[in-house]
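Each chain, written out:
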Amino acid sequence: MADFQSAHLKEEWENRQRAILAARSERIAEDKRRRAGLEAELKLFRARNAETQAKLDAKIDDASARFADLQIELKYDVDRLEKKLGSGPKVKGSDDAAAPC
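For clarity, every value in this text was computed on a predicted model and none was experimentally measured. (Residues numbered from 1 in each chain as written. Predicted model: local features only at pLDDT ≥ 70, side-chain atom pairs only at ≥ 80, totals over all residues. Heavy atoms only, no water.)

### As for the pattern of salt bridges
Two side chains bearing opposite charge may form a pair once their charged atoms approach each other closely.
Here is step 1: Applying the stated criterion across every chain, the model contains six salt bridges.
Here is step 2: Salt-bridge contacts for Glu-30 lead to Arg-34; the nearest nitrogen and oxygen are separated by 3.4 Å. Here Glu-30 pairs with Arg-34, and both are found in helix α1 (residues 2–85), just four residues apart, close to one helical turn.
Here is step 3: Assessed through its relative accessible area of 29%, Glu-30 is described here as partly exposed.
Here is step 4: Judged by its relative accessible area of 55%, Arg-34 falls in the exposed class.
Here is step 5: Each of the salt bridges in this network shares a partner with another, and the network as a whole consists of Glu-30, Arg-33 and Arg-34. (Salt bridge = Lys/Arg side-chain N within 4 Å of Asp/Glu carboxyl O. Helix = DSSP H or I, 4+ residues; strand = E, 2+ residues; numbered from the N terminus. Buried < 20%, exposed > 50% of the residue type's maximum accessible area, 1.4 Å probe, protein only.)

Shape descriptors only; they carry no functional weight alone.
As structure tokens, this is what we get:
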């Protein structure tokens, strides 16, 4: 009887150990699958982010260039108008000619 109980306990223990090891292996495999999926998503996100950032940088460069062009154009137009109409009254505390607001 003691041998039967001992053998039965040993068998139950081995079955429990196998179940624990199998569950551990499943968790490890699932973790690897999740990591691979997350890494793929991260790679895709980084690619989209780089593309979006490049587009934003291009828009900023374009806006800066247009702003600089408009500044030059406005300065040219102001200089031309001043030559044509004469300079306006000086505003107190200002070195440049400007129209009062």
